[in-house]
Amino acid sequence: MPNQPWRDQSRRPSRRPPPAARSLSGIEAASLVKFAYFTDEAPEPGTLLFTAFRRNMPPEVRQFTVRNPVTFFYGIQQTGSLLDIQVRWINPDGAVARTSDQPMDQSREGALWTWQVDHLEKRDLTQPGVWAVELLISGHRVGRYPLLVRPAGR
């Protein structure tokens, strides 16, 4: 099924007030994650993606080298509402290196799912070891995704 990122679609003026964020249980929130993985090729904004046979989905990358940018790519099933989404990058010491709040407004979406990305820039990826990204929806941790970061030159 195809979909486009919600942020990159053209905006039409709306007379409706923004929706309130949907409150979900942990089980409901976890069931919304269609996929989540790391890539080095984020889709261009506005790209229509097809999950069938992964025809134009970005490639999954399981390890990176320090001082290289990393993209966390994820898809969320359609809810028809606003979702509070947060992405936390955890370094090998277990400390939160960066947090991104990424609300997703699906109240005007007609597609079956919506994709978003979060980036960790090369200046931030300085420590080799096992990093992780925690994906939170409505305050519930719905996934923890490990990432191997190797020292330069290996």
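Summary of the structure given here. (Residues numbered from 1 in each chain as written. Predicted model: local features only at pLDDT ≥ 70, side-chain atom pairs only at ≥ 80, totals over all residues. Heavy atoms only, no water.)

## Side note on the side chain of Thr71
At step 1: Relative to the helices and strands, Thr71 is located in strand β5 (residues 70–77).
At step 2: Polar side-chain contacts of Thr71 include one of 2.9 Å to the side chain of His119.
At step 3: Look past the residues within four positions of Thr71 in its chain and what remains in contact with it is Tyr37, Phe38, Thr39, Ala42, Val117, Asp118 and His119. (Helix = DSSP H or I, 4+ residues; strand = E, 2+ residues; numbered from the N terminus. Polar contact = N/O pair within 3.5 Å; in protein donor to acceptor, adjacent residues only side chain to side chain. Contact = heavy atoms within 4.5 Å.)

## Some remarks on the pattern of salt bridges
Where side chains of opposite charge bring their charged atoms close, a pairing between them can arise.
At step 1: Applying the stated criterion to the full structure yields 5 salt bridges.
At step 2: The shortest N-O distance in the salt bridge between Glu60 and Arg62 comes to 3.7 Å.
At step 3: Since its relative accessible area comes to 64%, Arg62 is described here as exposed.
At step 4: Glu134 is the partner of Arg141 in a salt bridge, and the nearest nitrogen-oxygen pair spans 3.0 Å.
At step 5: Given the relative accessible area of 51%, Arg141 is considered exposed. (Salt bridge = Lys/Arg side-chain N within 4 Å of Asp/Glu carboxyl O. Buried < 20%, exposed > 50% of the residue type's maximum accessible area, 1.4 Å probe, protein only.)

## Focus on the pairing of β5
At step 1: Burial runs high along β5: 7 of the 8 residues are buried.
At step 2: As judged from the 6 bridges shared by strand β2 (residues 33–39) and β5, these two strands associate in the antiparallel manner. Across the sheet, residue Phe38 finds its bridge partner in β5, namely Phe72.
At step 3: Bridge count for β5 against strand β10 (residues 113–120) is 8 bridges, and the pairing is antiparallel. Within the sheet, the bridge partner assigned to Tyr74 lies in β10 and is Gln116. (Pairing = 2+ DSSP bridges.)

## Things to note about the nonpolar core
One broad trend across soluble globular proteins is that nonpolar side chains are buried collectively.
At step 1: Counting 28 residues, the largest nonpolar core has Phe38, Phe72, Tyr74, Ile76, Leu135 and Ile137 as its most contacted members.
At step 2: Looking at this core, the elements with two or more residues in it are β2, β5, β7 (85–90), β11 (129–137) and β12 (140–150).
At step 3: When neighbours within four sequence positions are excluded, Ile76 is seen to be in contact with Leu32, Val33, Leu83, Ile85, Met104, Gln106, Trp113, Thr114 and Ile137.
At step 4: Phe35, Leu49, Phe73 and Trp115 belong to the second-largest nonpolar core, a separate cluster that totals 8 residues. (Core = buried A, V, L, I, M, F, W, Y, C linked by side-chain atoms within 4.5 Å.)

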